[in-house]
Amino acid sequence: MHLKSIRLQNYRNYETLELDFSEQTNVLIGENAQEKTNLLESIYVLALAKSHRTTQDRELIGWEADAASIEGRIHKRTGESVQSLSFSPKVKKAKLNHLEQRRLSDYVGAFNVVLFAPEDLAIVKGSPQGRRRFLDMEIGQVSPVYLHELNQYLKTLKQRNALLKQLSTKGGDETLLEVLTDQLIELAVKIVMRRYHFIDQKKKWANPIHSGITRELETLTIQYVSDTFQKERFSKEQMFETYRQKFDKIRENERRRGVTLFGPHRDDFELYVNNRNVQTFGSQGQQRTAALSLKLAEIELIHEEVGEYPLLLLDDVLSELDDHRQTHLLDTMGRKVQTILTTTNIDGIAHETIQQAKVFHVKQGEVETESV
């Protein structure tokens, strides 16, 4: 699939903008603070209905505007479609071919993107929260129902935590706690099973990619980390029973502390290079290679699941990679996927993928097209 064009209205600093893209590589060139990332972000938001930079939709709306919109024309094997998103501080509407979608989970997944930004290099050594978000967004693209289940889980978790806090101070409805616990377990089992399945798929692609980048000197493995399950193979019934036993065991501790103490909202995943935890013991180069391998594996995984390659968004990452890793990434781009990347310049990059790219110059929020 590829993005043919995009139209922005009152999106951040872009009052009105329309651009047509090449099916191959597109380069947004400009100095820092020239709003290149805003443009890249808008494509990500079009696909996933949320930003990777903020949780507040209000920040995506121009200063003097009450609402903003993004519209993209997308080409797939099955034909061309129009996808649009409009939002105000209180309302978000998503449309596929001009038909409003009742739930965002019905919208996400129609247009697939993979974003690689400098902060993604910190996935490996960053916080568990960042890795969970990375995992959830990736799974949501190939399994939109997962996002619905995750949202339901988080709502139930919030209700259960509120009740636990009430029980810890002035008492409350014990029967309701049991009901919420059963609901939470049902959703937790679905989420964790999907995560394990996704990790298994990820392993299949990430290890050979990592081996290729490191000239077969390193192997990469991914391990889901849960304080509830020590093995990856549990039936749905076994997982439910394990959760139930653990909740029963720590019941009084949860009541005393007023919070749910375990579940998928506290899980993590770990990366191992040559059987050593790269988050703890890996060099910066190994950590960056692991992050790059995860992203390139995501491209292959989406292709396997939906039958088409996603759009690749690169936000100023070429300068963060050494020549070898940069070449490996550019080779992948040139062969398979439509790419839109931002950079301050392309001087010194002789790779044909860049030399044949469509170039856009971005300056103070204004975009001009140059033919290369």
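Our subject is the structure that appears above.
Residues numbered from 1 in each chain as written. Predicted model: local features only at pLDDT ≥ 70, side-chain atom pairs only at ≥ 80, totals over all residues. Heavy atoms only, no water.

Novice: Account for the overall build of the chain, with residues named and values stated.
Specialist: Secondary structure assignment for the chain yields eleven helices and 15 strands. For the C-alpha atoms alone, the extent of the chain along its principal axes is close to 70 × 55 × 40 Å. For the chain, the residues scored as buried account for 51% of the 372 residues in total. Within the chain, contacts between residues separated by at least 24 positions form 69% of all contacts whose residues are at least 6 apart in sequence. Total accessible area on the chain is roughly 17,900 Å²; 45% of this is exposed by carbon and sulfur atoms. Charge separation in the chain, taken as the distance between the mean sites of 51 positive and 54 negative side-chain charges, equals 6 Å. (Helix = DSSP H or I, 4+ residues; strand = E, 2+ residues; numbered from the N terminus. Buried < 20%, exposed > 50% of the residue type's maximum accessible area, 1.4 Å probe, protein only. Contact = heavy atoms within 4.5 Å. Areas by Shrake-Rupley, 256 points an atom, 1.4 Å probe, with all protein chains shown as cover. Lys, Arg positive; Asp, Glu negative; His and termini not counted. Charge placed at Lys NZ, Arg CZ, Asp CG, Glu CD.)

Novice: Kindly report on unusual backbone geometry, identifying the contributing residues and their values.
Specialist: Look at asparagine 10: it is not a glycine, yet its phi comes out positive at around 55 degrees. Its location among the elements puts asparagine 10 in strand β1 (residues 2-11).

Novice: Lay out the sheet that holds strand β2 (residues 14-20) with the relevant residues and their values.
Specialist: Sheet strands pair by backbone hydrogen bonding; their relative direction is either parallel or antiparallel. With respect to topology, six strands assemble into an open sheet ordered β2-β1-β4-β5-β6-β7, the strand pairing being antiparallel. Of all the strands in the sheet, the pair left with one neighbour each is β2 and β7 (99-100). Pairing of β1 with strand β4 (residues 68-76), which is carried by seven bridges, proceeds in the antiparallel orientation. Along β4, the bridge assignment pairs serine 5 with arginine 73. Contacts from helix α1 (residues 36-48) reach β1, β2, β4 and β5 (79-87) within the one sheet, and its direction differs from that of β1 by about 105 degrees. (Pairing = 2+ DSSP bridges. Axes fitted to C-alpha atoms, helices over the stretch in contact; angles between N-to-C directions.)

Novice: I'd like a rundown of the side chain of glutamine 338, residues and numbers included.
Specialist: Mapped onto the elements of the fold, glutamine 338 is located in the loop between α10 (323-336) and β13 (339-343). One polar contact links the side chain of glutamine 338 to the main-chain amide nitrogen of leucine 3, over a distance of 2.6 Å. Engagement of the side chain of glutamine 338 in a polar contact is seen with the backbone oxygen of serine 22, the distance being 2.8 Å. Beyond its immediate chain neighbours, meaning those up to four positions away, glutamine 338 contacts Met1, His2, Leu3, Phe21, Ser22, Glu23, Gln24, Asn26, Pro310, Leu311 and Leu312. (Polar contact = N/O pair within 3.5 Å; in protein donor to acceptor, adjacent residues only side chain to side chain.)

Novice: Before we move on, can you summarise the pairing of strand β10 (residues 268-273) with the specific residues and values?
Specialist: Where strand β9 (residues 220-225) and β10 come together, six bridges link them in antiparallel fashion. Counterpart to glutamine 223 in the pairing with β10 is glutamate 270. Sheet topology note: the β10/strand β11 (residues 276-277) ladder contains two bridges and is antiparallel. Residue pairing in the sheet places valine 273 in a bridge with arginine 276 of β11. Between β10 and β11, which pair antiparallel in sequence order, lie two residues; one of them, asparagine 274, sits at a positive phi of approximately 50 degrees.

Novice: Give a description of the pattern of salt bridges that names residues and reports values.
Specialist: Counted according to the given criterion, the structure contains 24 salt bridges. Across the pair aspartate 136 and arginine 195 runs a salt bridge, and its minimum N-O distance is 3.0 Å. Highlighted residues: aspartate 136 in helix α3 (residues 128-142) and arginine 195 in helix α5 (residues 174-213), separated in sequence by 59 residues. Relative accessible area serves as the criterion here: at 11%, aspartate 136 is assigned to the buried category. (Salt bridge = Lys/Arg side-chain N within 4 Å of Asp/Glu carboxyl O.)

Novice: Would you mind going over the packing of aromatic side chains in detail, with residue names and values included?
Specialist: How two aromatic rings sit relative to each other is set out by the distance from centre to centre and by the angle between their planes. One pass over the structure, following the stated rule, counts six aromatic pairs. Here the aromatic rings of tyrosine 11 and phenylalanine 87 are separated by 6.5 Å at their centres, their planes lie at 80 degrees, and the arrangement is edge-to-face. Of this pair, tyrosine 11 sits in strand β1 while phenylalanine 87 sits in strand β5; the two residues are 76 residues apart in sequence, bridging distant segments of the chain. We classify tyrosine 11 as buried; its relative accessible area is 0%. Accessibility expressed as a relative area gives 2% for phenylalanine 87, which makes it buried. Where phenylalanine 21 meets phenylalanine 360, the ring centres are 5.7 Å apart and the plane angle is 65 degrees; that geometry is what we call edge-to-face. A residue pair is termed long-range when its members are at least 10 positions apart, and phenylalanine 21 in the loop between β2 and β3 (25-29) and phenylalanine 360 in strand β14 (residues 358-363) qualify at 339 residues. Taken individually, phenylalanine 21 and phenylalanine 360 each receive the classification buried, so the pair is uniform in this respect. (Phe/Tyr/Trp six-rings, centres within 6.5 Å; stacked < 30°, edge-to-face > 60°.)

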